[in-house]
Every structure is written in structure tokens, then in C-alpha cells.
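Fold and geometry: a report
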Amino acid sequence: MRTPTQDWLGHALRNTTWRWRQQTLALGVLGLFVAVIIGALYLTQAASIATLNRQLQDLISERNRLEQSNEQIRSEIAQLRTVFRLRSRALELGFVEAQRDQIEYLVIEGYNPNRQTTQLQVEREGEANLPAYDETFGGWLQQQWDNFTRQFQDFSQSGGS
Amino acid sequence: MQAAQTQQEIFNRRLPIVIIGMIVASGYLLLQLVGFQAIAPEVANELRPNYNRNIRLAAARGIIYDHSGQRLAENTVEYRIGISPNLVSDKRRVATQLAAILRLDELATYEKINSAEPWVLLTPRVSAEIGQQVEALDLQAIDIEKIPRRSYPQGTLAAQIIGFVGGDLQGYYGIEGYYQDQLTGRIREEVVSDIPFDLPDDQTPDEGSNIYLTLDRDIQYLIESELALAIAETGATGGTYIVMNPRTGDILAMASWPSFDPNAYANVEANVWRNPAISDEYEPGSVMKVLTVAGALDREVITPDFTYVDQGELAVGGIVVKNWDLRAHGVVDVRGILVDSLNVGAATVSLKMGHEAFYAAMDAFGIGRPTRVNLEGEASGTMYIPGDPEWSESNLGTNSFGQGVTVTPLQMLAAVSAIANDGLMMQPNLVARVIDGDRVIESQPTFLRRAISPEAAHIVTDMMVSVINDNDSLDNGAGVPGYTVAGKTGTAEIPSPIGYESNAWIMTFVGFLPADDPQVAILIKLDRPTTGRWASQVVAPRFRRLAERLVVMMEIPPDDVRHALEANAGVVGG
């Protein structure tokens, strides 16, 4: 005694043919091609990001190293510019301390030592160097294609060497 | 019929396989779903491969500069170097390289690298130079931690003002202690991903604020040199020099002896770390007479024409006050009280004021309360007032000439600076600006209160000029030719548990110049000098020597030139 569900399943499977149809094959190949394209794009993008991140990490490390190097140099400058050292160096070079009675103050008619000064407006560095945003979809596609072809070129060159 | 039978058999054989396959696939999908959605994040983290690691970003402590940008305290870096042995492929080669750079025993280094531990410390501290050589090897297994170290390039210069940073990276004393919270950066823990697709963080730690002081290191060097010379010349056991701008309260230099090198703070006893200019209390002696007279003139208890008959002694609250020379001076005016530094005159004025007016005047000058200078460890001084169990009627007399009351050197200079500043009391200040990242916080002069009226301040200033110009006891003089100088000496006995010490004094001189437009106020204090009996003999000449150098360094022109400049172009700044 068969149940209705078994009938339906049996009917469906019984009608399944096990030979390849041309249309199905074409669809399969197309699907595979699309999957390959998507996969290639994904891999290109991922490789590009990984490369950029690595470059960014290198730049950050380099910046940190340079900052530390600068700090070390500033420290050395501070050591060389201590008042003890400057004073002894000045004495070695023959400088002497000015005495009160050796200084002559000149009164210049009309000169105001407390004159007004004008402060220049300095352009802020961060705003001045901002690049304009001009990326387009076509440009993005071109960039992806260039990345893609470069990956293949790099791969073929490394494989050939 | 046969074919249909065969097909049915095939179907019957395949069906269970298909159903089992579908159940397995569904089960797998279900498990994945539970794995993504239902498992707690901490459990998921445990199950997931560890692509993240925690790093500790030690922040740099803020740098301390003098007012012209010269470094007084800075940071240097030392390196702590460890290694993860399981990440080393060629252990022998790495051991050879590291041992050569770190100057370690090669075999011991190899044993460490060959150990089963996940992480091994190779060396706790090496210099930046060696650390960078290790960094240059670019080995993934090496763990390099930078350890900040505090360094003081000027050595002993301004040590008691700056303070120091201890091994626990905490600031102690001076600016390092007072501005600990601002100077210290925040140590940050950060998670760093090893996945190449994750954007690397900019691992810049939150650095501490940089502090620019009002201190001028050239003036600081000058007064430290002068102080050392004074100690050597007078045999004093200690001393303090302070140079201040009386108009703003900015401290230009402050030095005490003995001092220390903050790079090697542990080499001296802990009491040397204190700054005596703000933490040592002493009886000010006759300098206090200036405040007594100023308070009385301001409250119109006396006028500039006030006179009294000086009989050489005066009974106050059961004790007898005597003049320093034990002589009677006859009819004396207010100017004479300061010029001849008469204890009887000062006590007469304070008695005329009464305790209420006298102590109110002293309070207005900040006696008995801290100046609130931005340094750690300030003392408040001691002034007993009516109502205190320690106070007696005699205090009213003795306090007027600086006995039975204690002050810090900075308190005394701040009080006299109020007279120089037309009666306005300014808060002593050591910080010009604090730079916190992109923010610059400029310090503004802080007005505390009006101590006396401008008129009273000008009268007292004029009297203090007379102290310099008309005083025969100032053997070598405290005046600077070409400049009007206002000042007052003080020779105070040193209290002991059984009265006052014999043959030991604290000698001070407080003055400012130019008297009509003060640009600098100076306090000199020497403890127990042995080359003279009075401050006029011991300290006044040193004041003159210092003032002569200061007018050159601060470019303060002589009075006649200054007046000509002012007539020509307005006020002249120093």
C-alpha cells in the first residue's frame, strides 16, 4: 500500500532522465563562467586590499621609526645646547659677558618698541591638501581590469623566472 | 514489464541514499546556522583560530620646556626584547644574530630560543641604538617593546622646580608631580589583527601634554651660579634665590641649595628632593616691617608723616621688644622705621593698628596661607591669630618685625611683589602654556586680591628706595648705579625648642627694580652664613651683584634711558 507522498516522489524521480541535455549544459557552463569571473574579481580585490594594507603597515612603521629617530635627534640637540655646554663653548671661542656699563641703549626718535604687528593667516595644511573626489564607475571598472591583468602579469613573470 | 521492474529496483536502492544525503546536508547547514547565530561570542572566539593579538601602546610623557622652548625634561626610549621560540625556523642562525647584537652569550640565547615556552624574555632593557638594530632584522618571532625613560638634558638645572619621574613612571615633586595627570599619556591596549584584509590601525598612543614654563633657563643658570658662589663665600648651610615678574606673578627662576640631578635622583637623600623655596618655613625677620607699615598706611592707621618717640624698647604683652642695635633713636618717622629697621617702631605701629587690623592686613598679603603656586609640596606658613591657643598679646608686637610668624620664601616674595604691583596680589605661576595635542592652553596672570591701595603701595615703595639709598648700614650697598632699587633686609634668629639659637641667623633680602616700573622682584635667603652678623653685610651685596647681571640679561635700560624711551614711545617692556 503506497502513500500519496511516495507516489509523488516516485513519479518525480521516475521521470528524471539521466542523460545530459544541451541546454542544461550551456546553462551550467555559463554559471561556471560567471562564478569564475566573480571569483577572479573577488580574488583581485582581496589581493589588492592585502597589498595596500601591507604597504600601509610599512608606511606606518616607517613613520614611527622616523618619528623616533627625530625624537632621538632632538634629544641629542638638547644635550648639545645645554647652558653649561654653550657657556663653556662661548668662553672657548673668546666671548665675554657684557657688563652693565658696556651696554649703550639708543633712543630712536619715533620708534615704538611696542608697535602693532600683523599676523598672517596661515592656510591649514589638512584642508589644502585634500584631493578632489573624481572617481567614476567606468574608472573603477578600468582600475579593476588593470589590477586583474597586473595580477596575471605578476603571476606569469614570477612563474617564468 | 521486466524493464519497469528493474527501474523500480534502482529507484528503491537510490532513494534512501538521496534522503540520507539530504539529511546530512540539512544537518550541516543547521549546525552552521547555530554556529553563526546561537553560540556566545566568547565561545566562538575560543573556537575560532586566533588571528588577533593584544599590544600595549605605552604613551610618551609630555615634554617640559623653558619659556624659550629649551628642553628641561624629555623622553628617551629603551627596548625590552623577547621572542616567541615556536615562530623561529632557523634557531641557530637567529641565536647567533641576536647574541651578537644584544651582547649575550650565544649558547644561553640558543637555549632560550630552543625552549618550549611560548614567549621568552631575552633582555629587559637595551638602548635605542641596539633596539633599532634588532628591529632591522625584521624577524616575526621577535617581540620588541619600547620602554619610555625620562631624561633631563640640563642636568641639575632647575631640578627642584622640575621634580623627577620615578621607576613607577609617576612624577614626584615640582612640575612632574603637580602636573602628573597632564604630563602622563594614556597607556592603551589594542587588538591587532593578523588577517591581511583588516585595515591596520594607526597605533599612535595618546601622548601627554607638553608644558612650557615661565622659567628662563639663562636666568636660572645665573641664580644657581650666584647661589653656589654665595654658599661658598659665606659658609651658609643652605639658601634660596627667586626671581619673579611682580606684574604677572611669573617665576623667572627659582633655586635652592643643596640640589640634585634628577637623572640620578636616588643618589641623594629624600629631603633634598623638596623645594625649600616653597616648602621650608622660616621667620622672615625685618622684611615683615614692610608689610606692617604698608598695612597701617593702607588702613590709614598712620600717615606718611606719622612719628613716634623711640626709647629703644617697648613692653608688649609681657615681653620687652628691643631694637637690633639696642639703642633709642628718639623721634622717628615711618620712613625711619624701615630705613633703620627698628623693631620698636614696627611694634608701635602694629599696636596702633590693633590685632584685628594687623592680622587682616597680613592675611591680605597672603601670610599664613599657601600662594597656590603650581608646584607640588607647598607649605602654608604659620601665623597664629587671636583665638588660637598658641597666640598671645606679645605676638602682635613680635609678628610686626617678623618673629613668631613663619613664611616660605615664595610667600614673602609674593607679598613684597604686591607692593611693587601697585598693591595687587598676583598668584605666583610657573607655567606659561600647556599644549595638549592641537589645543594650546595659554596661562593668564591670576589676580588674587588687592592687598593695599595703589597710593599706599607707592608710598611704601618710596620708603623701600630710601632703605637702599639712605642706609649707612648697607656696607657694600644693594643699589645698582643708574637704577632705582627698592628693597629691605631681614636678619632673623632661628627658633629652637628652648628659645632662639645663638650665633645663627637666616638672612634675607627682598627687592625689586626699577622701583617706579618694577620688572623684576628678587628674594635672596641664606641660612646660617658665618661671614657677617647682618643681612645688610652678607646678602645685600649679593643682591646688587645679581641685579647688575639681570638688568643686562633682561635688557632693562637705566632709568634715564627708560624715561626717554617712555616719553618717546610709551611703556617699555623688559
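One can find the structure itself at the top, above this paragraph.
Read on for an overview of the structure. Note that the coordinates shown come from a computational prediction; the quantities given were computed from them, not determined experimentally.

Rules used throughout
Within every chain, residues take consecutive numbers counted from 1 along the sequence as written. The naming scheme follows written order: chains are lettered A onward, ligands numbered 1 onward. In keeping with the predicted nature of the model, local features appear solely for residues at pLDDT of at least 70, side-chain atom pairs appear and are counted solely at 80 or more, and the whole-chain, interface and lining totals rest on all residues. Water and hydrogen atoms were dropped before computing side-chain values, which therefore reflect all heavy atoms in the structure. Helix and strand assignments follow DSSP, with helices taken as H or I runs no shorter than four residues and strands as E runs no shorter than two, numbered in order from the N terminus. Note that the radius of gyration is over C-alpha atoms, with the globule rule given as 2.2 Å times the number of residues to the power 0.38. A 1.4 Å probe rolled over the protein chains alone gives each residue an accessible area, and that area as a share of the maximum for its type sets the label: buried under 20%, exposed over 50%, partly exposed in between. Any two residues whose heavy atoms approach within 4.5 Å are treated as being in contact. Accessible surface is estimated by sampling points in the Shrake-Rupley manner with a 1.4 Å probe; for residues, cover comes only from the protein chains shown. Asp and Glu are treated as the negative residues and Lys and Arg as the positive ones, with His and the ends of the chain left uncounted. Charge positions are represented by NZ for Lys, CZ for Arg, CG for Asp and CD for Glu. Pairing between strands is defined by DSSP: at least two bridges between the two strands are required. One less than the residue count of a helix, multiplied by 1.5 Å, gives the span that helix is expected to have. Axes are fitted to the seven residues ending at a residue and to the seven starting at it; the angle between these axes is taken as the bend at that residue. Between N-to-C directions, angles cover 0 to 180 degrees, with each direction set by a line fitted to C-alpha atoms, over the stretch in contact for helices. What makes a patch is a set of residues exposed beyond 30% relative accessible area and free of salt bridges, joined within 9 Å when like-charged and within 5 Å when nonpolar (Val, Leu, Ile, Met, Phe, Trp, Tyr). Think of a salt bridge as a Lys or Arg side-chain nitrogen and an Asp or Glu carboxyl oxygen that are within 4 Å of each other. Under the rule applied, a polar contact is a pair of N or O atoms within 3.5 Å (in protein, one hydrogen donor and one hydrogen acceptor; residues adjacent in sequence only if both atoms are side-chain atoms). Between 30 and 60 degrees the pair is tilted, below 30 it is stacked and above 60 it is edge-to-face, where a pair is any two Phe, Tyr or Trp rings, Trp via its six-membered ring, whose centres lie within 6.5 Å.

1. A few points about the overall build of chain B
Scanning chain B for helices and strands turns up 19 helices and 22 strands. In summary, chain B has a C-alpha radius of gyration of 36 Å against a globular reference of 25 Å for 574 residues, an excess of more than 25%. The C-alpha extent of chain B, read off along each of the three principal axes, is 155 × 60 × 55 Å. Out of the 574 residues belonging to chain B, those deemed buried represent 52%. Partitioning the intrachain contacts of chain B with sequence separation of at least 6 by distance along the chain shows that 72% fall at a separation of at least 24. Just so you have it, chain B exposes about 25800 Å², and 52% of that area is on carbon and sulfur atoms. Charged side chains of chain B number 43 positive and 72 negative; the gap between the two group centres comes to 5 Å.

2. Considerations on the pairing of strand S17 (residues 431-436) of chain B
Residues and elements named next belong to chain B. Of the pairings in the sheet, the one linking strand S9 (residues 210-213) to S17 comprises four bridges and is antiparallel in character. Counterpart to Ile 211 in the pairing with S17 is Val 434. Here four bridges tie S17 to strand S18 (residues 439-442), and the two strands are oriented antiparallel to one another. From the neighbouring strand, Asp 436 faces S18, where its bridge partner is Arg 439. Hairpin connection between S17 and S18: a loop of two residues separates the two successive antiparallel strands, and Gly 437 in this loop has a positive phi of roughly 65°.

3. Concerning the environment of B:Met362
Residues and elements named next belong to chain B. For Met 362, the position within the fold is in helix H13 (residues 343-364). Remark: the alpha-carbon pair of Met 362 and Asn 399, spanning 37 residues in sequence, is separated by 9.7 Å. Excluding its chain neighbours within four sequence positions, the residues that come into contact with Met 362 are Met 288, Leu 291, Thr 292, Ile 367 and Met 383.

4. Describing H13(B)
Residue and element names in this part refer to chain B. Spanning 22 residues, H13 covers only 22 Å between terminal C-alpha atoms, well under the ideal 32 Å at 1.5 Å per step. The principal kink in H13, of about 110°, is found at Gly 354. In terms of residue burial, H13 counts as a mostly covered element, since 16 of its 22 residues are buried. Downstream of H13 by a residue or two, Gly 366 has a phi angle that is positive, lying close to 85°.

5. Some thoughts on the sheet that holds strand S10 (residues 238-244) of chain B
Residues and elements named next belong to chain B. Read across the open sheet, the five strands follow the order S11-S10-S22-S21-S20; overall the sheet is antiparallel. Two strands lie at the open edges of the sheet, namely strand S11 (251-257) and strand S20 (486-496), each paired on one side alone. Going from strand to strand, the sheet's axes swing by 10° on average, the running direction of each strand aside. Across six bridges, the pairing between S10 and S11 is antiparallel. Looking at the pairing, Tyr 241 lines up with Ala 255 of S11. Helix-sheet contacts for helix H9 (residues 217-234) involve S10, S11 and strand S22 (520-527), and the interaxial angle to S11 is about 30°. Strands in contact with helix H16 (residues 454-469) are S20 and strand S21 (499-513); relative to S20, the strand with the most contacts, it is inclined by about 80°.

6. Some words on unusual backbone geometry
Excluding glycine, residues mostly carry a negative phi; peptide bonds, for their part, are mostly trans. All names here are of chain B. The omega angle of the peptide bond from Trp 257 to Pro 258 is 5°, so this bond is cis rather than trans. Mapping Pro 258 onto the fold places it in the loop between S11 and helix H10 (276-279). Here the amide bond leading from Leu 513 into Pro 514 is cis, since omega sits at -15°, within 30 degrees of zero. Relative to the helices and strands, Pro 514 is located in the loop between S21 and S22. Positive phi is not limited to glycine here, since Asp 138 has a value of about 55°.

7. Regarding helix H2 (residues 22-80) of chain A
The end-to-end C-alpha distance of H2(A), which contains 59 residues, comes to 86 Å, matching closely the 87 Å that a straight helix rising 1.5 Å per residue would cover. Those residues of H2(A) lying buried are A:Ala40, A:Thr44, A:Ala46, A:Ser48, A:Ala50, A:Asn53, A:Ile60, A:Gln68, A:Ser75 and A:Ala78.

8. Structural notes on a nonpolar patch on the surface
All names here are of chain A. On the surface, a cluster of nonpolar side chains totalling about 670 Å² of accessible area is made up of Leu 27, Leu 30, Phe 33, Val 34, Ile 37, Ile 38 and Leu 41. If you trace the backbone, Val 34 turns up in helix H2. Given a relative accessible area of 40%, Val 34 falls into the partly exposed group.

9. What about the side chain of B:Glu176?
Residues and elements named next belong to chain B. Relative to the helices and strands, Glu 176 resides in helix H7 (residues 174-178). Using a relative accessible area of 0% as the deciding quantity, one classes Glu 176 as buried. Within the local environment of Glu 176, its side chain forms a polar contact with the side chain of Arg 61, the two groups lying 2.9 Å apart. A polar contact of 2.8 Å, which involves the side chain of Glu 176, links it to the side chain of Arg 150. In this structure Glu 176 touches Arg 61, Ile 64, Ala 73, Arg 150, Tyr 152, Ile 162, Gly 163, Phe 164, Val 165, Gly 171 and Leu 183, once residues within four positions along its chain are discounted.

10. Considering the packing of aromatic side chains
All names here are of chain B. Scanning the model with the defined rule gives 15 aromatic pairs over all chains in all. Measuring from ring centre to ring centre gives 4.1 Å for Phe 164 and Tyr 265, while their planes differ by 15°; the resulting arrangement is stacked. Remark: Tyr 265 occurs in the loop between S11 and H10 and Phe 164 occurs in strand S6 (residues 164-165); sequence separation between them is 101 residues. The exposure class of Tyr 265 is partly exposed, given its relative accessible area of 21%. Both rings, one in Tyr 359 and one in Trp 391, keep their centres 6.2 Å apart while their planes meet at 75°; by these two values the pair is edge-to-face. One end of the pair, Tyr 359, is in helix H13; the other, Trp 391, is in the loop between H13 and helix H14 (393-399), and 32 residues separate them in sequence. Judged on exposure class, the residue Tyr 359 and its partner Trp 391 are both buried. An aromatic cluster is present here, built from Phe 164, Tyr 172, Tyr 173, Phe 260, Tyr 265 and Trp 273 joined pairwise through their rings.

Fair warning: the whole summary comes from geometry, so function is off the table for now.
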